[in-house]
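Structural features, examined
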Amino acid sequence: MVSCVYLAAKYPKIKTLMGPDPRLKWIVCMMVVIQFVAFYLVKDLDWKWVLFWTYAFGSCINHSMTLAIHEISHNTAFGNNKAMLNRYFAIFANLPIGLPYSASFKRYHLDHHRYLGGDGIDVDIPTDFEGWFFCTRFRKFIWIILQPLFYAIRPLCINPKPITQLEMTNVAFQVTFNVLLYWLWGAKPVVYMLAGSMLGMGLHPISGHFIAEHYMFLKGHETYSYYGSLNLLTFNVGYHNEHHDFPSIPGRRLPMVKEIAAEYYADLPQYTSWVKVLYDFIMDDTISPYSRIKRKLKGEVKQE
């Protein structure tokens, strides 16, 4: 594997892509406003239409917002010199998702980049129970539906960390928002919000990126990119090889990394459909939650 240091040295233009994306904060604000309008519009709908729009629209926006928070966790909203502003902006972006997770995500996600596949550190790696139990086609189908649950409880099982003041602030803001939403417009917007987050990260076309990013469909290849149209909704998270090579480059500029260093990225294994990734994961009996590289870390480990 060619190192990112080598690529940056060979293609100096890549370094010019690093730094904040001025558009990101405005896009996030627009998405928050869109969901606020949706909360108002669903309050008087029949329940069947609430559930329909929850899956058809709300789940897409909320999953997209989680990937906006992923972007913000790399300080691409306001830059590295305004780290706390990024953290509080992520808490704001968290509001229409309903579940307070942005502050915790930042801490664990940077460990994922620094110690990819690190046993006991990278909580993106499924637990031994997940690998042992969800091994049949039907069970893998259930596992995909329950992905939000496992992403929530896995850190507590693999790498629990002391709760920080920022995480408490995240919880306080979110609970206050959820209570106000219920008080203003009743239960339907709250169901739309929470169910949209759970469904959008479960059995949903966008959630194919969870499997596509690091599961070894091809032996020896740990990280894969996807260059399809759903990148338009996901801040180019599909450009995952590029993202792991250069995490400080905003998603909007990752296609430029691929273009600049085409000789390196063009021949790497890639996906054309996240839906097909989900289907193949379920139907391929050689693939399971165990299909991840897990490393025993040596030396000093510095966690966030």
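Parameters and conventions
Think of each chain on its own: its residues are numbered from 1, step by step along the sequence as written. For a predicted model such as this one, the threshold for reporting local features is a pLDDT of at least 70, and the threshold for listing and counting side-chain atom pairs is 80 or more; totals across whole chains, interfaces and linings nevertheless cover every residue. To get the side-chain values, all heavy atoms of the structure are used, and hydrogens and water are removed first. Only DSSP runs of H or I reaching four residues or more are called helices, and only runs of E reaching two or more are called strands; each is numbered from the N terminus. Based on C-alpha atoms, the radius of gyration is set beside the globule rule, defined as 2.2 Å times the residue count to the power 0.38. Exposure classes here rest on a 1.4 Å probe applied to the protein chains alone. A residue is buried below 20% of its type maximum, exposed above 50%, and partly exposed in between. Values of accessible area rely on a 1.4 Å probe in the Shrake-Rupley scheme; residue burial ignores everything except the protein chains shown. The sign given to each residue is positive for Lys and Arg and negative for Asp and Glu; His and the chain ends receive no count. Working definition for charges: the position is that of NZ of Lys, CZ of Arg, CG of Asp or CD of Glu. UniProt positions are given in the numbering used here, feature names are shortened, and annotations may be inferred rather than shown by experiment. Whenever a nitrogen or oxygen atom comes within 3.5 Å of another N or O atom, the pair is scored as a polar contact, on the condition that within protein one atom can donate a hydrogen and the other can accept it, and that pairs from neighbouring residues in sequence are kept only if both atoms are in side chains. Residues are treated as being in contact if the distance between any of their heavy atoms lies within 4.5 Å. Salt bridge, as used here, is a side-chain nitrogen of Lys or Arg placed within 4 Å of a carboxyl oxygen of Asp or Glu. We call a set of buried Ala, Val, Leu, Ile, Met, Phe, Trp, Tyr and Cys residues a nonpolar core when their side-chain atoms join them within 4.5 Å. Each axis is a line fitted through C-alpha atoms, and for a helix only the stretch in contact is used; angles between axes span 0 to 180 degrees, taken between their N-to-C directions. Should an angle fall under 35 degrees it is taken as roughly parallel, and over 145 as roughly antiparallel, whereas 65 to 115 is taken as roughly perpendicular and any remaining angle as oblique. Helix crossings get a hand from a simple test, with the near helix turned counterclockwise from the far one by less than a right angle marking a left-handed crossing and a clockwise turn marking a right-handed one. Gly is put with the polar residues, along with every residue not named as nonpolar or charged; the nonpolar set is Ala, Val, Leu, Ile, Met, Phe, Trp, Tyr, Cys and Pro, and the charged set is Asp, Glu, Lys and Arg. As used here, the arc is the angular range of directions from the helix axis to the C-beta atoms.

With respect to the overall build of the chain
- Across its full length, the chain carries 15 helices and two strands.
- For the chain, the C-alpha radius of gyration of 19 Å lies close to 19 Å, the compact-globule estimate for 304 residues.
- A principal-axis box enclosing the C-alpha atoms of the chain has dimensions of 55 × 45 × 40 Å.
- Within the chain, the fraction of its 304 residues that count as buried is 50%.
- Carbon and sulfur atoms provide 67% of the accessible area of the chain, an area that totals close to 14,900 Å².
- With 29 positive and 23 negative side-chain charges, the chain shows a separation of 3 Å between the mean positions of the two kinds.

Comments concerning the UniProt feature "transmembrane region" (unreviewed entry) in the chain
- Per the UniProt annotation, the sites labelled "transmembrane region" (unreviewed entry) are residues 24-42, 49-68 and 88-105.
- Secondary structure across residues 88-105 divides into 61% helix and 0% strand, with the first and last C-alpha atoms of the span separated by 13 Å.

Digging into the side chain of Asn62
- As for its placement among the helices and strands, Asn62 is situated in helix α3 (residues 47-73).
- Within the structure, Asn62 has its side chain in polar contact with the side chain of Ser197 (distance 2.9 Å).
- Once residues lying within four places of it in the same chain are set aside, the contact partners of Asn62 are Gln35, Pro96, Ile97, Met193, Gly196 and Ser197.

Notes on the pattern of salt bridges
- Under the counting rule described, the total for this entry stands at 13 salt bridges.
- Among the ionic pairs, Lys10 bridges to Glu263, the shortest N-O distance being 2.6 Å. Separated by 253 residues along the polypeptide, Lys10 in helix α1 (residues 4-10) and Glu263 in helix α14 (residues 262-265) bring together distant segments of the chain.
- Residue classification places Lys10 among the partly exposed positions, given a relative accessible area of 39%.
- In the salt-bridge network here, residues are joined through shared partners; they are Asp119, Asp128, Lys294 and Lys296.

What about the environment of Leu218?
- By the secondary structure assignment, Leu218 is in the loop between α11 (208-214) and β1 (225-226).
- For Leu218, a relative accessible area of 44% gives the class partly exposed.
- Along the backbone, Leu218 and Pro269 are 51 residues apart, and their C-alpha atoms lie at a distance of 8.2 Å.
- Leu218 has contacts with Tyr224 and Pro269, leaving out every residue within four places of it along the chain.

A short note on the UniProt feature "domain: Fatty acid desaturase" (unreviewed entry) in the chain
- Sequence positions flagged by UniProt for "domain: Fatty acid desaturase" (unreviewed entry) are, in local numbering, residues 49-267.
- The span residues 49-267 is 62% helical and 1% strand by assignment, and the distance between its end C-alpha atoms comes to 45 Å.

Details of the nonpolar core
- Among the nonpolar cores identified, the biggest contains 34 residues, and Val28, Met65, Ile72, Trp143, Ile211 and Phe281 are the most heavily contacted of them.
- Counting residues per element, the ones that place at least two in this core are α2 (24-42), α3, α4 (83-94), α7 (137-145), α11 and α15 (274-283).
- Non-local contacts of Val28, meaning those with residues more than four positions away in its chain, are made with Met65, Ala68, Ile72, Phe89 and Ala93.
- Among the nonpolar cores identified, the runner-up in size contains 13 residues, and Leu17, Tyr239, Ile249 and Val257 belong to it.

A look at the packing of α3 against helix α5 (residues 102-114)
- It is at 10 Å that the axes of α3 and α5 come closest, and there the two elements cross at 60°. In terms of orientation, α3 and α5 fall into the oblique class. Of the two possible hands of crossing, α3 and α5 adopt the one that is right-handed. Residue-level inspection shows Ile69, His70 and Ser73 of α3 in contact with α5, the latter providing Ser102, Phe105, Lys106, His109 and Leu110.
- The residue inventory of the contact of α3 with α5, partitioned by class, reads three nonpolar, four polar and one charged.

As for α7
- Among the residues of α7, those classed as buried are Lys140, Trp143 and Ile144. Mapping the buried residues of α7 onto a view down its axis gives an arc of 100°, with all of them on the same face.

Some words on unusual backbone geometry
- Its identity as a non-glycine residue notwithstanding, Phe235 has a phi of 55°, on the positive side.
- A positive phi is found at Asn236, a non-glycine position, where the angle reads about 60°.
- Position of Asn236 relative to the elements: it lies in the loop between β1 and α12 (240-245).
- Accessibility expressed as a relative area gives 13% for Asn236, which makes it buried.

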